[in-house]
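Here is what each chain is made of, one letter per residue.
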Amino acid sequence: MIRSFADWFEQAGSDGIGLAEFVERREVKETGASREAIRRRIEDALAVMRQAVQEGLEESGTSPSGLTGGRSGRLAGDGPRLLGEGFTAMLSHAIATLETNARMGLIMATPTAGAAGVVPAVLFTLAPVRGWSDEQLVDAMLVAGGAGIIIAERASIAGAGGGCQAETGSAAAMAAAAVTWLEGGSDAQVATAVALTIQGMLGLICDPVAGLVEIPCAYRNASAAVNAVASAEMALAGLDFPIPVDEVVDVMGDVGTKMDVRFRETALGGLAATPAGQEIAARAGMTELVQLQRKGSTRGEGSARFGPS
Amino acid sequence: MTTLFDILGPRMVGPSSSHTAGACRLGYVVQAILGGMPDRAVVGLHGSFAMTGEGHGTRTAITGGLLGHRPDDERLREAEAEAAEKGLEVEFRKVDLGSDAHPNSAVFEVARAGERIAITGCSIGGGRIRVQEIDGFAVDLSGSLPAIVVVADDVPGTVARITGLIAERGLNVATVRVDRTGRGERALMTIETDEDVPDDVLAELAGQSWVHWIRNVHQLNA
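Predicted model only: the values in this text are computed from it and were never measured. (Residues numbered from 1 in each chain as written. Chains lettered and ligands numbered in written order. Predicted model: local features only at pLDDT ≥ 70, side-chain atom pairs only at ≥ 80, totals over all residues.)

Asks: Would you take a moment to explain the overall build of chain B for this structure?
Replies: Check the secondary structure of chain B and you find seven helices and 11 strands. Over its C-alpha atoms chain B spans a radius of gyration of 17 Å, differing by no more than 12% from the 17 Å that the globule rule assigns to 222 residues. With the principal axes as the frame, chain B shows a C-alpha extent of 50 × 40 × 35 Å. Sorting the 222 residues of chain B into buried and exposed places 48% on the buried side. Long-range pairs, those at least 24 residues apart, make up 68% of the contacts in chain B between residues at least 6 apart in sequence. (Helix = DSSP H or I, 4+ residues; strand = E, 2+ residues; numbered from the N terminus. Rg over C-alpha atoms; globule rule 2.2 N^0.38 Å. Buried ≥ 20, exposed ≤ 12 C-beta atoms within 10 Å, placed from the backbone. Contact = placed C-beta atoms within 7 Å.)

As structure tokens, this is what we get:
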């Protein structure tokens, strides 16, 4: 069991192994699965992730609600603008996965369905640019998974638990850890990358319009991917962050538990409860939800922990 | 404990792990307990399942689960058409199970070849589920481990005899839960194991005079 980033680094260090191998050995020990089976399952996950991106980019039709679909293809087709090809590709990849998700396509919830676009967008955009092999991507997923396990144990990975900071924030932190590690960053740099990512997303609420995992989720996945790469780049350059990563994760958990239930995936606050948001919910036939939004009600306390994710 | 594939997964058809993947799992487990696809199902949706389920394909996912599809099966999208074709009739209703019920709860009343069962369960997040009630008996089934569900005479030694038969085959019991309608009447047992219970063990148990009904619920990975 790894309960903190400090533990992870210390135990891997004393075993004389890397972060990826540590996570792999832990999984072998705790589930009884073989190393090969674990790696095959990760390869399968990567294949599903790639396919979800591809489908999202190619499919021009909209989701049943009409809120998403076709946007990632439009972005990719518009070509590079402000920061070059990779940047445009990464944004479109993130949105593409969420579009596939909204169409009831096959995705990997990494770590949740609502944040499923971040890790693939970052890894698949950078892999050809940085020359990472498929084998290295499997290792990167182990590092991402290790970071996700710690965040899930110490704080939350679900919007219903801690808002969007917990959902796309965790996905971005996982991606940042994976990239920093793959680029040969030290343990301290991996820690910094995660800390920088989470501090940049602290307090972000979860306010899905009409309760659907579409808007703002698709765009939040794109901005989370940017945050992940920015944080990895700063960490790899040796920039430091004075608050230890475990303490940053704890702050995220604390902010999440104090967050009003309207901002935790209940669709009763934030963008979801705006006049425009209510209109979209009404058009989607969610009359009961709209009534609650109009009342400004916080009913649905229970669903704060268990809403769509 | 959080495992690696809780974080890197589940592999699922979108859009929501609780309202789609979890909903499908509930339907799947219900048909497994029934012993196959129902002819008819009346499904009561409570709370958030009823309120935002429409947009998450909750009904489609439950129908797909009742057809025996798992959460990563892309046939889920066309579940309604498949149900019509295969003669599975599903009716959805909104229900209010009270404020103590989990917001993503569903009550299933299913029938197959004359047999009827009522099952209550909920989707607790990340695609995970709990089955809480079978025909009025309190249970606690997750679907993440293989399980057998047995209705047997509530007499001394029943649990030991069942777990004994399982242990003889070298299978490890993970959890045992017993609920009964009244002293000396019938008890419902759910026994989760680390590996699937082979059909011949099930047949042997089914042949015991004190066993009234038994079902094998296979593991639901994904």
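Still more ground to cover, so stick around.
Asks: What is the right way to read the overall build of chain A from this model?
Replies: In terms of regular secondary structure, chain A is built from 15 helices and one strand. Relative to the 2.2 N^0.38 estimate, which gives 19 Å for 309 residues, the radius of gyration of chain A is 19 Å and therefore close to what a compact globule would have. For the C-alpha atoms alone, the extent of chain A along its principal axes is close to 60 × 40 × 40 Å. In chain A, buried positions account for 60% of the 309 residues. Residue pairs in contact within chain A that sit at least 24 positions apart in sequence constitute 76% of those at least 6 positions apart.

Asks: It is not clear to me how the interface of chain B and chain A should be interpreted in this structure. Could you clarify?
Replies: Reports often express the size of an interface as the amount of accessible area lost when the parts come together. At the junction of the two partners, chain B supplies 36 residues and chain A supplies 48 residues. Secondary-structure elements contributing two or more residues to the side of chain B that touches chain A are α1 (4–7), β1 (11–13), α2 (17–34), α3 (48–52) and β5 (115–125) of chain B. Taken together, the residues of the side of chain B that touches chain A sort by class into 13 nonpolar, 18 polar and five charged. Looking at chain direction, strand β1 (residues 106–108) of chain A and β1(B) are connected through three bridges and run antiparallel. Each bridged residue has a counterpart across the sheet, and for Ile107(A) the counterpart in β1(B) is Met12(B). (Nonpolar A, V, L, I, M, F, W, Y, C, P; charged D, E, K, R; others polar. Pairing = 2+ DSSP bridges.)

Asks: Please clarify how unusual backbone geometry should be interpreted in this entry.
Replies: Note: most peptide bonds trans; most residues except glycine with negative phi. With an omega of 5 degrees, the peptide bond between Ile215(A) and Pro216(A) qualifies as cis. Its place among the elements puts Pro216(A) in the loop between α10 (187–199) and α11 (217–236). The peptide bond linking Gly9(B) to Pro10(B) adopts the cis configuration, its omega dihedral lying at 10 degrees. Within the secondary structure, Pro10(B) is located in the loop between α1 and β1. A positive phi is found at Met104(A), a non-glycine position, where the angle reads about 60 degrees. In this fold, Met104(A) is placed in the loop between α5 (85–102) and β1. A tally of 24 C-beta atoms within 10 Å means that Met104(A) is categorised as buried. In this structure, Glu265(A) is a non-glycine residue whose phi angle is positive, near 70 degrees.

Asks: I would appreciate a short explanation of the pairing of strand β7 (residues 137–141) of chain B in the present structure.
Replies: Side-chain positions along a regular strand alternate between the two faces of the sheet. The pairing of strand β6 (residues 128–134) of chain B with β7(B) spans three bridges and is classified as antiparallel. Looking at the pairing, Val131(B) lines up with Leu141(B) of β7(B).

Asks: Hey, could you run me through helix α13 (residues 275–283) of chain A in this one?
Replies: Because each turn of an α-helix spans 3.6 residues, side chains separated by three or four positions end up pointing in the same direction. Residues and elements named next belong to chain A. Within the span of α13, buried status applies to Gly 277, Gln 278, Ile 280 and Ala 281. Relative to the axis of α13, the buried residues are bounded by an arc of 160 degrees and lie together on one face. Exposed and facing more than 90 degrees away from the buried side of α13 are Pro 275, Ala 276 and Arg 283. Residues of α13 that are buried make contact with α14 (287–295). Trailing α13 by a residue or two, Gly 285 shows a phi angle of about 85 degrees, which is positive. (Arc of directions from axis to C-beta.)

Asks: I tried to follow the nonpolar core on my own but got confused; where do I start?
Replies: Note that soluble globular proteins tend to have their nonpolar side chains buried in a common cluster. Residues and elements named next belong to chain A. Among the nonpolar cores identified, the biggest contains 169 residues, and Val 118, Val 122, Ala 175, Ala 177, Ala 178, Val 194 and Ala 225 are the most heavily contacted of them. Take this core: its biggest share by element is 13 residues, from helix α9 (residues 164–182). Not counting chain neighbours up to four residues away, the residues in contact with Ala 225 comprise Met 90, Ala 94, Val 118, Ala 121, Val 122, Ala 172 and Ala 175. (Core = buried A, V, L, I, M, F, W, Y, C linked by C-beta atoms within 7 Å.)

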